Each structure stands twice: as C-alpha cells, then as structure tokens.
Amino acid sequence: MITHAKIQKWGNSLALRLAGPIKDIPNLTQGMLVDIEITEDGFTVRKSQEKHTFPFTEAQLVQSLSPYAAHADELALLLETEIYDS
C-alpha cells in the first residue's frame, strides 16, 4: 500500500501525523514504543521488540534520600502574602 502524507510543523519540531488507514493497519496505539531506522532515503518506523524499562524503581531512587541530600534546607519559605486562608 502506498499513501501520501505531509510533514508539518508541530511546536519547534516537524511531525508526520498518522491518521486514518496509516494508523489502523500497523495497529499503533498511543504510548506505544517504536524503533526508528534512519537512512539516506528516509526512515522506517517499527514496533519496538525490546522491553524498555527504567534501570531503577521510584522506591529505589528515594530509598537513601535524606533531607540533606534532597536539599530540603533550600526550600523557599512562603511569604505571608502568599498564604491563602480559606
């Protein structure tokens, strides 16, 4: 199947919108990870076969966190005018 699409500006980037039959045929879903192979002729997008995971869990990252390491001493104090009393 051959289809045509237009590369458009999206914020400060360029985007290729996947709509209609383009998104339905490969069963792409929002948030799906893809691998992009770049060549001189263009690029190919494929569903990622690798399981991408973070090397640490959130619990592991905060496990040894102390007020000193978290720079709790550098927290800004609220001014009286910034406190809302309901």
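Residues numbered from 1 in each chain as written. Predicted model: local features only at pLDDT ≥ 70, side-chain atom pairs only at ≥ 80, totals over all residues. Heavy atoms only, no water.

Quick word on the overall build of the protein chain
Right, on to step 1. The secondary structure content of the protein chain amounts to two helices and four strands.
Right, on to step 2. When the elements of the protein chain are put in sequence order from the N terminus, they spell out β-β-α-β-β-α.
Right, on to step 3. Its C-alpha atoms give the protein chain a radius of gyration of 23 Å, clearly above 12 Å, the size a compact globule of 86 residues would have.
Right, on to step 4. With the C-alpha coordinates of the protein chain rotated into their principal frame, the extents come out at 65 × 35 × 30 Å.
Right, on to step 5. Within the span of the protein chain, comprising 86 residues, buried residues form 2% of the whole.
Right, on to step 6. Excluding contacts between residues fewer than 6 apart, the proportion of contacts in the protein chain whose partners are at least 24 apart in sequence is 5%.
Right, on to step 7. When the accessible surface of the protein chain is totalled, it reaches about 9,000 Å², and 56% of it is carbon and sulfur. (Helix = DSSP H or I, 4+ residues; strand = E, 2+ residues; numbered from the N terminus. Rg over C-alpha atoms; globule rule 2.2 N^0.38 Å. Buried < 20%, exposed > 50% of the residue type's maximum accessible area, 1.4 Å probe, protein only. Contact = heavy atoms within 4.5 Å. Areas by Shrake-Rupley, 256 points an atom, 1.4 Å probe, with all protein chains shown as cover.)

Describing the side chain of Ser48
Right, on to step 1. The residue Ser48 is located in the loop between strand S4 (42-47) and helix H2 (58-62) in this model.
Right, on to step 2. Side-chain polar atoms of Ser48 contact the side chain of Asp35, separated by 3.3 Å.
Right, on to step 3. Once you skip the residues sitting within four places of it in the chain, Ser48 turns out to touch Leu33, Val34 and Asp35. (Polar contact = N/O pair within 3.5 Å; in protein donor to acceptor, adjacent residues only side chain to side chain.)

What about the confidence of the model for the protein chain?
Right, on to step 1. Per-residue confidence for the protein chain gives a mean pLDDT of 83; residues scoring 70 or more make up 98%.
Right, on to step 2. Looking at the elements of the protein chain, mean pLDDT is at its lowest for helix H1 (residues 21-24), recorded as 75, and at its highest for strand S1 (residues 7-10), recorded as 91. (pLDDT = per-residue confidence, 0-100.)

Here we look at the pattern of salt bridges
Right, on to step 1. Counted according to the given criterion, the structure contains one salt bridge.
Right, on to step 2. For the salt bridge of Glu37 with Arg46, the shortest nitrogen-to-oxygen distance reads 3.2 Å. (Salt bridge = Lys/Arg side-chain N within 4 Å of Asp/Glu carboxyl O.)

Brief notes about the environment of Thr3
Right, on to step 1. Mapped onto the fold, Thr3 is located in the segment before S1.
Right, on to step 2. Between the C-alpha atom of Thr3 and that of Pro21, which follows or precedes it by 18 residues, the distance is 8.9 Å.

Structural notes on a nonpolar patch on the surface
Right, on to step 1. Judged by side-chain polarity, Ile7, Leu14, Leu16, Leu18, Met32, Val34, Ile36, Ile38, Phe43 and Val45 come together as a nonpolar surface patch covering roughly 960 Å² of accessible area.
Right, on to step 2. Of all elements in the fold, only strand S2 (13-16), strand S3 (34-39) and S4 reach the threshold of two or more residues within the nonpolar patch.
Right, on to step 3. Here the nonpolar patch gets three residues from one element, more than from any other, and that element is S3.
Right, on to step 4. Structurally, Leu18 can be placed in the loop between S2 and H1.
Right, on to step 5. Note on Leu18: relative accessible area 43%, which makes it partly exposed. (Patch = residues over 30% accessible without salt bridge, like charges linked within 9 Å, V, L, I, M, F, W, Y side chains within 5 Å.)

Digging into the pairing of S2
Right, on to step 1. In the sheet, S1 pairs with S2 via four bridges, with the strands oriented antiparallel. Paired with Trp10 across the strands is Ser13, a residue of S2.
Right, on to step 2. Following S1, the chain reverses through two residues before pairing antiparallel with S2; Gly11 in that reversal takes a positive phi of roughly 65°. (Pairing = 2+ DSSP bridges.)

Looking at the pairing of S4
Right, on to step 1. Relative to S4, S3 is paired through six bridges, and the arrangement is antiparallel. Paired with Ile36 across the strands is Val45, a residue of S4.
Right, on to step 2. In sequence, S3 turns back onto S4 through a hairpin of two residues.

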